[in-house]
Structures are given as C-alpha cells and as structure tokens.
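Read off the chains here:
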Amino acid sequence: MILSNLVRLSFFMVCCFTWTLVQAQTQPITVAESSPIQTQFEYWEDPEADADLARIRNLPDDAWQREPSGSATFGNTPSAYWLRFAIRNTSAESVNLIAELAYSQLDDVIFHVVSEQGPTRVLKTGDGRPFYPRQVDHPNMLLRVKLAPGQTKTVYVRIETAGPMILPLRVWHEAEFFSAASNEQKLHFFYYGCLTIIILINLAVFLTLRERLYLYYAIAISGYLLFFASVKGYSFQLLYPHSPELHARVLLASMPVLALFSVMFCRTFLKIPSHSPRLDLAMKIMIGFEVLNFIAAMVLDYNHAVRLSSISALVFFSLLFVAGPVTWAAGVRAGAFFTLAWTPLTVGVLATAGRALGFFPTNFMTEHAMQIGSGLEAFILTMALADRLYREREDKIIAQANSLRQEKARNDACRELNEAMTHDAITGLPNRNRFEWMVNKLLADNTQSKYMVGVARITRLDEINRTLGLTRSERLLQRLAEQMTAMAIRLPEVHRVRDDQGRDECVYQLSGDCFGILVYADKTGSDLEGLNQALGMLSLPVPLDKLAIELHPKFGAARYPEHGDNAALLIRNAHVGMETAPRGLLATGFYSPELDIYSEGRLTLMSDLREAIQNEQTDLYYQPKLSLVTGQVVGLEALIRWHHPERGWVSPADFIPLAEETGVIHQLTRWAVQRGIRDLASLLDDSPGLGLSINISARDLSSRSLKGHIESVLSRHQIHAQRLTLELTETAAMEDPEKGLLALKSLADSGIGISIDDFGSGYSSLSYLKELPATEIKLDRSLVTDVSANDSSRVIIETAINMVHGLGYSVIAEGVEDEATARLLKELGCDNLQGYWLGHPMPMTDLHPWLASYPEAVLSIFHPRSTNK
C-alpha cells in the first residue's frame, strides 16, 4: 500500500511538472448575460480504444459519467476517453465559441461536432501529430464552434495519450479566449525572459571567472526553461512544429538535465564534499542515476520514460530539500540561501500535486504554485550567487592587495638582485653580464655593422690595494669610473644606452681591475685620434687624498666580425691582444690570431703530459756536440720529444712554457735526468769520451730535491758528475739572481757542469755572468747563422769568444748548418759546435750507428783539402 502511494505521488509530481498554466482569471461566460456557456462534461472510458462516433452516440446515458468541475485527471492509462458536452446559444445573436482542452501534452485529440441534423465537422489535433494545421495558433487543443441564435450543438471528443490523461475543459467566447490567451502569453514569456536573463548573467560570470558553479546553474535553469516551454507546448509550436517525436524526446530529456545540473550545482555551491561525505556520496549516486535517466529518455518509450522520471523527481526533490539544512547546520552560509530558495519550489510542487490529487481546490495559487516556486527559487539562488560573488570579490580584492604588496616586495628584491647581478657594487658600473648581453643583442640586430671591443686593465691595482687599503682603493675606483664614463659620453663613436633608471651605460666593469667599451668601427674607420686622446687621459695620474697615483693601464682590442661573433669571444681576444701590446704607455694591442698562444687544447695539455711522463710516453732525442780541437764527438744534448696519441708530435715550444707555469716542469726534469743518465751509461762502453747536457728551467733552481735526485741517479748508474752538464738560459739564470746563484753553486760544487744557453739573445749583466759557476757558454744561433757571410757578425762572434775565454769558460756554438761556418768557428777559436751540419737530434736507436761512423765530411775540416795534380 505504501509503495502504491509512493508511485501515485511520483506520478502526480510528474503531473505537476507537466501541467502548470498561467492564465488570466477570466471565467467562461454564456452568450446571454455573460454567464459561463459550459462548465461541465460527461466522459466515457474506452478500454479497447476502438470505439467510433456511431457507437459513442448510441451509448445509453447511464454509461456516461458526469464531471461537474469541468476538469478530470485519469493518470497514465492505455484507454481512450470520450468527452461529451452540449452548447446552447440562448442569445438573440450568433456567437463564435472556442472549446479548449487546456493541456498541451495530449497525443491524439479528435473533435466531433454534432448538430440536430447530425455530424457536421471533425477536427483532428494533438501533440502526437504535426502542429499545423490547427484552427487556432495555440499550444492547447482548441475547437472553434459557431452557434446561431437558439442553436444547440453537441461535441464529442476522443482523447488518447501515452502520458498522463489530464482533461481540463473550458468553453470560451472567442473574444474572451483571445484576450485571456494574450494575457497568458505575456505572463509566460515574462517568466521565460527572466529565466533567460538569469542564464545569460551566469554564463557571462562563468566566461569571466571560469568557475564551473555558474555554468552548472546556467544549464540547470536552461533545463527549467526547456521543461516549462515543452510542457506548455511553446517549443513545439515555435521550434519544431513538424516533429512531434522530437517534441516528446525534448520534454523527456529536459527533466534529467535540470535534475542533473541542479544536483551538480548544489554539490558545488554548498561545498558538500568537504562538509558531508555521506550526502556527497548520495549526490554522486544521484548524478549517475540522472545520467542513466537521460539515456533512458532517449531510448525508452514515452510511458516508461515518464515513470522513471517520476521516481527521479521524488528522489531529486527529497535529496536537495535535505541538502540545504544539513550544510546550513554545518556552518555554510550558502546553506541558508539554498534552504530559503528550495522551500518555495518544494511548496509549489506539493501544492500542484495536492490540487491534482483533489486535496486542494483549483484556484490561482494552486494552478500557478510550481512556476511561482521555481521563479522564487531562481531569484533567491541568483541573489545567493550575487552574494557569493560579492564576497569572493572582496576576498579577491584583499588577496590581490596582499599579492600586490608581495609582488612589490618581490619586484624590489628582483630589482636589487638584478642590480647586484648586472652592476658592480663599488663603482656602480654595469658589469660583464650586462656588457655581454648588450653586445650580443646589438650584434644580432646589426649583423652587417662593424664594431670593436676595447678593454683596459689597471695593472697596479693590487699594489694600490696593498699600499692604500681597500677603502681608499675603492674610492679611487669610483673616481676612475666617473672619469671614464664622462670621457666616453663625449666620444660619439662609443656605444651608449640608457637603462631603465635613466643612467647612461657606456663603460662596463668586466672585472675588478678591467673595464670595457664598445666602439662603432664604422664611425671611426682608421681615425682613432679621439680614442687615443681618451687613453692618454686615462694614463694620467689620478689625484686622491693629495696623492697622484699612477695606474699604468694596459689596453687591448678585438674587432667584429674579424675576431669573433659574440661578446665573450671578443672580450677574450681583446685580453689576448692586450698581452701582445707593443711597448709604450698608450699602446693598444689589437688581437692577431698569429700571436694568440692560447687554445682550448692547452687546458688539457698538462694533464696529458703528466700521464705521458708516468707511462713513459715521452722520449729523449740526442744532438751530438763536436770538439773543434780534437775532432771528436764529446757530448750529447738531450732534447725532450713527445708524440701525443691524438695531437701527434707536440712542439717543446708548446708544452715547455706550460710545464713551467704549472709546475709539471719538475716532473719533466726529473724524468729527463733519469732517462738521459741511463742512456749515457749504455753509450759509454763504445764511446767513453761522451758527456751529456740536459736543459733545466729556472723553476728547477727553486727545487731543493733536484741536486739529491741527480746525485742519486748518477750513483745508481756509476756515472761521474763531470760527465753531466746542466743547461739553462741566461734569462732563466737572471730570474731570481740570489737564489739562482746559490742553487747553481751547489750543483757546481758537486762536480756537475753548468752551461749558459742562448748567450747573446738576452739582456744579462756581465757582472752577474762573471759570478756564475759556469763551465761553458753557448752562443745563440742568431749570432752564428750568417757569420761566414757577414763581417759584422764575424767581429761579434770573435769578440764574444775572446771575452768568454777571458772569463775562463769554454765556448760552444749552436745552430751550425754548413761546413763554411764550422771552419770559420774553428779558425776563430771556438771550442765546440752542434747543429744540423753535424747531425739532427736523433733517438737512441739511430744514435748508436751514427756514433760508430759519423759523416766523413765532419772530419774533413781537421785535415788539409786534397788537390788534383
């Protein structure tokens, strides 16, 4: 019984969804004295739905049931119903009447008009048929009837429908009907217009804020709009009058759409997931059910789809009616609005259902309750959304103000950080990062132009720091920066930009003691007078605290595009150019690839050399020395050779300077001593008069363990110290005179010979040379090369030999490449020689056979030339 009542209640809730009229309260009137013409009818149920008019007219009167109220509801039924009512014109004039079945959802309606003479007219209509043709352009089922004075006509109406059988019959005077219909349409379209405005507002808010809540509400209200327009038949009349099947499906689909998005809106608006997990679960189930209900509305027959929708409506209204108070009790402000909004809609549904069940009388309030309730619900929820939007706006304004404060603090911090990253903290000049960014951007934008990067380094800055202290030194840098900036601004060829703080950027601080500028080479060409004058001013002493401080700047430059295509490379090459600058106070060193001694490979060359020494991958080549007194080979100079597995033969000129800079020279010298003395020991059996010369570096003189290492190796191979000579250049000996002299005397005291190499190529002091414990002086090849062809060279060589002999040293000439030079040196009194004429440097494998039989031409200078007689 309870289940039956629930089903009936569900059915009548659907009825209340599908029958809400808003019409004027004009009552039907009779022709005479404006009284109602007909307010009641009789009906007969046709269970088989197969009766025709003839059978109906022959029914006895007691087969008909009277409905005095003029309205009847029979629920969902497969039966057809026949209505019968008579109309009499009691006035003295002809009247035009309209009989109205005021429910637009009747599928098949057939009007039969019968006069005293018999059937006169048949009109077939209903929403199961195409909308047109109808006698009156109106969604309800209408019949026009014309009565002459005193005439009576009986109307039989056959009704069959798959939905609820709701039969509200009214007979109107034609003029009164059109007046009432006009008022009804005005009220309806006012209602639809309000809903449309609410939809558009919420869509606009959604498109602005991208919050799905407003989209859900807009679609839910669109569902209400579509539902009421379909129930009243206006969508059928205006949109698809020739598609009754589409009309039925649109009506069925509108119910799950409005329910689905109402639940989704409610769930989001009330924040159900965070306040009531159980209610949230129920809503998720309801959402899934409404999705299935929508699918069912598309595929099931009309009768079953309507029954499913009635169950959905019962659960849907109950669930949302509970949701408001639950969230309100949980402290959600929106819960109060939702409860207030959903209450009138629920009251309207109950009032409409109660009228349909006969619990409430038919009047304006009960007929219009559901639409009034839905209008109030939409209005209240719109106000709630406006309140929510206002509060969110206030929160956002506060959050935005906080965000702006934070953003300002971040911007200030970023500006300070950017200032620190792009400007020097002491001088305020833009730094290398800024310079590289500026140059790269300019080069990218002006690829066809020519530029020059100039750098200047203050060479005495370290000395100034140690002398004056950092505070005064920083003041000096600040003054120098101001001076250079003012100077550069006056030069039109110097690139200048203005930063976002209005400062001119033309001089950049590339490092603590180095400054850079960018010059338009197109503007200067070969005329560098302005730049030279500026350099001259930079070279002047800078006054500070009554002191005139000499800066001793050095200058370098590199050109774009010849010397590089980016800022980093141009700065690097300008520094290289600075190192190769000619002597002179204002000389600027322009980069030249030929003078660039640096390469990327040099960075890894020393690690490769260390590995080569450890793995015995280096080798010694020996160049023989000839005595010009005895004609015998008296010595060998050990020369280091290195064949790199990837680079091939590496010149000593490339790796010896690096080894001296990095300290690898100590390992290299130790290895050369050990290998050379070992090889000498193997040669003495066949050549007992040989001695060995090994080149050492000025860095080796600072090694305290060098002497001990040499003595240990000599002892191990049983070689007398006098057979070993250490060669070093005169400039190396002069590098640290005091320490060098002590180290050389210590080596000489142990019996090791000391040879001064490249004599005549440097600027050594003769007084210092006199103090050296040397045993031999090697004349530089630059003095020997043209001695046989140049008298001046001969005089110099002869003078040098006599001077060296006078100091008690022996003389050896290197770089001898022909016999004439050898003979001349012998005549001048030179003691020994070496050079390509005697023999190229050779490995041990070639040295043994060479010593066994060296060239006959060598011996020829010690014997008279033979003559032909």
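It should be noted that the structure appears before, not after, this text.
Reading guide: rules and limits
- Here the residue numbers are simple positions, counted from 1 along each chain's written sequence.
- Only residues with pLDDT of 70 or above have their local features reported here, since the model is predicted, and side-chain atom pairs are shown and tallied only from 80 upward, although totals for entire chains, interfaces and linings are computed over all residues.
- Excluded from the side-chain calculations are hydrogens and water; all other atoms, namely the structure's heavy atoms, are used.
- Axis definition: a line fitted to C-alpha atoms, over the contacting stretch in the case of helices. Angles run 0 to 180 degrees between N-to-C directions.
- Strands are runs of DSSP state E lasting at least 2 residues, helices are runs of H or I lasting at least 4, and numbering of each runs from the N terminus.
- Convention used here: angles under 35 degrees read as roughly parallel, angles over 145 as roughly antiparallel, angles from 65 to 115 as roughly perpendicular, and any remaining angle as oblique.
- Helix crossings fall into two classes, left-handed where the near helix is turned counterclockwise from the far one by less than a right angle and right-handed where it is turned clockwise.
- Contacts were defined at the residue level, with two residues in contact if any of their heavy atoms lie within 4.5 Å.
- For this classification, the nonpolar set comprises Ala, Val, Leu, Ile, Met, Phe, Trp, Tyr, Cys and Pro, the charged set comprises Asp, Glu, Lys and Arg, and every other residue, Gly included, is treated as polar.
- A helix is expected to reach a length of 1.5 Å times the quantity of its residues less one.
- For every residue, the accessible area (1.4 Å probe, protein chains only) is compared with the maximum for its type, and the residue is labelled buried under 20%, exposed over 50%, or partly exposed between those bounds.
- N or O atoms within 3.5 Å of each other form a polar contact, as long as, within protein, one can give a hydrogen and the other can take it, and as long as residues adjacent in sequence are counted only when both atoms are side-chain atoms.
- What counts as a ring pair is set by centres within 6.5 Å for rings of Phe, Tyr and Trp (its six-membered ring), and what kind of pair is set by the plane angle: stacked under 30 degrees, edge-to-face over 60, tilted for all other angles.
- Criterion for a charge above a ring: Arg CZ or Lys NZ at most 6 Å from the ring centre, at most 35 degrees from the ring normal.
- DSSP bridges decide pairing: two strands pair if at least two such bridges lie between them.
- The rule is simple: put a 1 Å grid over the protein atoms alone, call a set of points where a 1.4 Å probe fits but cannot get out a cavity, call an open set with protein on both sides within 12 Å along at least five of seven lines a pocket, and count a residue as lining if it has an atom within 4 Å of a point.
- Grid points are joined across faces, edges and corners, and a volume is the space filled by probe spheres set on the points.
- Salt bridges are counted wherever a side-chain nitrogen of Lys or Arg sits within 4 Å of a carboxyl oxygen of Asp or Glu.
- Residues forming no salt bridge and having over 30% relative accessible area are the ones grouped into patches, like charges within 9 Å of each other and nonpolar side chains (Val, Leu, Ile, Met, Phe, Trp, Tyr) within 5 Å.
- Note on areas: Shrake-Rupley, 1.4 Å probe, and residue coverage restricted to the protein chains presented here.

(A) Main features of the packing of helix α8 (residues 277–299) against helix α9 (residues 302–329). Orientation of α8 relative to α9, taken along the N-to-C sense of each, is 155°, at an axis distance of 11 Å. Judged by the inter-axis angle, α8 sits roughly antiparallel to α9. By crossing handedness, the relation of α8 to α9 is classed as left-handed. Facing L279, A282, M283, M286, F289, E290, N293, A296 and A297 of α8, the residues of α9 in contact are A305, L308, S309, S312, V315, F316, L319, A323 and V326. Class assignment of the residues belonging to the contact of α8 with α9 gives a composition of 14 nonpolar, 3 polar and 1 charged.

(B) Representation of helix α17 (residues 567–579) in the model. The end-to-end C-alpha distance of α17 is 19 Å, a good match for the 18 Å that 13 residues give at a rise of 1.5 Å each. Taken together, the buried positions of α17 are occupied by A567, L570, I571, N573, A574, V576, G577 and M578. The distance from a side-chain oxygen at the start of α17 to the backbone nitrogen of A568 is 3.2 Å, and the residue carrying that oxygen is N566.

(C) Highlighting the packing of aromatic side chains. Considering all chains together, one arrives at 22 aromatic pairs under this definition. The interplanar angle of 70° and the centroid separation of 5.3 Å between the aromatic rings of F227 and F228 together place this pair among those described as edge-to-face. We note that F227, like F228, is buried. Here the aromatic cluster, defined as three or more aromatic residues joined through ring pairs, consists of F189, Y191, Y192, F227, F228 and Y234. Cation over ring: R210 sits above F206, and NZ or CZ is 5.9 Å from the ring centre.

(D) Quick peek at the sheet that holds strand β8 (residues 141–147). Strand order in the open sheet made by the 4 strands is β3-β10-β5-β8, with antiparallel pairing throughout. Whereas interior strands pair on both sides, the edge strands pair on one side only; in this sheet they are β3 (71–76) and β8. With direction set aside, neighbouring strand axes in the sheet form an average angle of 20°. Pairing of β3 with strand β10 (residues 164–173), which is carried by 5 bridges, proceeds in the antiparallel orientation. Among the inter-strand pairings, S71 is bridged to a residue of β10, identified as P168. Relative to β10, helix α3 (residues 174–209) is tilted by about 120°, and along the sheet it contacts β5 (95–101), β8 and β10.

(E) Layout of the layout of surface pockets. In this structure, the largest pocket encloses a volume near 850 Å³. What lines the largest pocket is a set of 33 residues, and nearest its centre among them are E637, L639, P652, N695 and D757. Among the secondary structure elements, those contributing two or more residues to the lining of the largest pocket are β20 (618–627), β21 (633–644), α19 (652–662), α20 (664–683), β23 (691–695), β24 (724–729), α22 (730–734) and β25 (753–759). Counted by class, the lining of the largest pocket contains 16 nonpolar, 8 polar and 9 charged residues.

(F) Quick look at empty space enclosed by the protein. Counted by the stated rule, this structure contains 6 cavities of 30 Å³ or more. The volume enclosed by the second largest cavity comes to roughly 50 Å³. For the lining of the second largest cavity, the secondary structure elements donating two or more residues are α4 (212–231), α6 (244–269), α10 (333–357) and α11 (364–422). Classifying every residue of the lining of the second largest cavity by side-chain character gives 9 nonpolar, 1 polar and 1 charged.

(G) Seen up close, the pattern of salt bridges. Under the criterion given, the structure shown has 34 salt bridges. Note that R415 and D412 form a salt bridge whose closest N and O atoms lie 2.4 Å from each other. Placement of both R415 and D412 in helix α11 is noted, with a separation of 3 residues, approximately one turn of the helix. By sharing partners, the salt bridges in this structure join K625, E637, E727, E776, K778 and E814 into a single network.

(H) Spotlight on the environment of E93. Assignment of secondary structure puts E93 in the loop between β4 (80–88) and β5. Expressed as a C-alpha distance, the spacing of E93 and G150, which sit 57 residues apart in the sequence, is 8.6 Å. Once residues lying within four places of it in the same chain are set aside, the contact partners of E93 are L147 and P149.

(I) Structural detail: the environment of F337. Turning to its location among the elements, F337 is positioned in helix α10. Note on F337: relative accessible area 23%, which makes it partly exposed. Through-space distance from the C-alpha of F337 to that of G324 is 7.9 Å; in sequence the pair is 13 residues apart. In this view, F337 contacts I380, A384 and D387; residues no more than four positions away in its chain are not counted.

(J) Molecular detail of the side chain of E776. Positionally, E776 belongs in strand β26 (residues 776–779). At a separation of 2.9 Å, a polar atom in the side chain of E776 contacts the side chain of S755. For E776, the contacting residues outside a window of four places in its chain are K625, I754, S755, I756, Y809, S810, I812 and N832.

(K) Highlighting a nonpolar patch on the surface. A surface patch of nonpolar side chains, about 610 Å² in accessible area, is lined by V291, L292, F294, I295, M298, V299 and L300. Positionally, L292 belongs in helix α8. In this structure L292 comes out as exposed when scored by relative accessible area, which is 57%.

(L) Summary view of the pairing of strand β11 (residues 451–458). Across the 8 residues that make up β11, a large majority, 7, are buried. Summarising the sheet, β11 and strand β18 (residues 553–560) pair through 8 bridges and their orientation is antiparallel. Across the sheet, residue V453 finds its bridge partner in β18, namely A558.

(M) Structural context of the sheet that holds strand β19 (residues 588–590). An order of β14-β15-β11-β18-β19 is seen for the 5 strands of this open sheet, with the pairing classed as mixed. At either end of the open sheet lies a strand with only one pairing partner, and these are β14 (508–511) and β19. Geometrically, the sheet is characterised by an average inter-axis angle of 30° between neighbouring strands, direction not taken into account. Sheet topology note: the β18/β19 ladder contains 3 bridges and is parallel. Its bridge partner lying in β19, A557 is registered against F590.

(N) Structural view of unusual backbone geometry. In the segment running from Y132 into P133, the intervening peptide bond is cis, with an omega of 5°. With respect to the helices and strands, the residue P133 is situated in the loop between β7 (118–125) and β8. Cis geometry is adopted by the peptide bond preceding P561, which originates at Y560 and carries an omega value of 10°. Look at H552: it is not a glycine, yet its phi comes out positive at around 50°. Looking at where H552 falls in the secondary structure, it is placed in the loop between β17 (547–549) and β18. Judged by relative accessible area, which is 39%, H552 ranks as partly exposed. Unlike most non-glycine residues, D758 shows phi in positive territory, near 55°. Classification of D758 as partly exposed rests on a relative accessible area of 22%.

(O) Spatial organisation of the side chain of T422. As for its position among the elements, T422 is in helix α11. With relative accessibility at 11%, the residue T422 sits in the buried group. Separated by 2.9 Å, the side chains of T422 and H423 make a polar contact. Setting aside residues up to four positions removed in sequence, T422 forms contacts with L429, P430, N431 and R434.

Nothing here speaks to function; it is all geometry.
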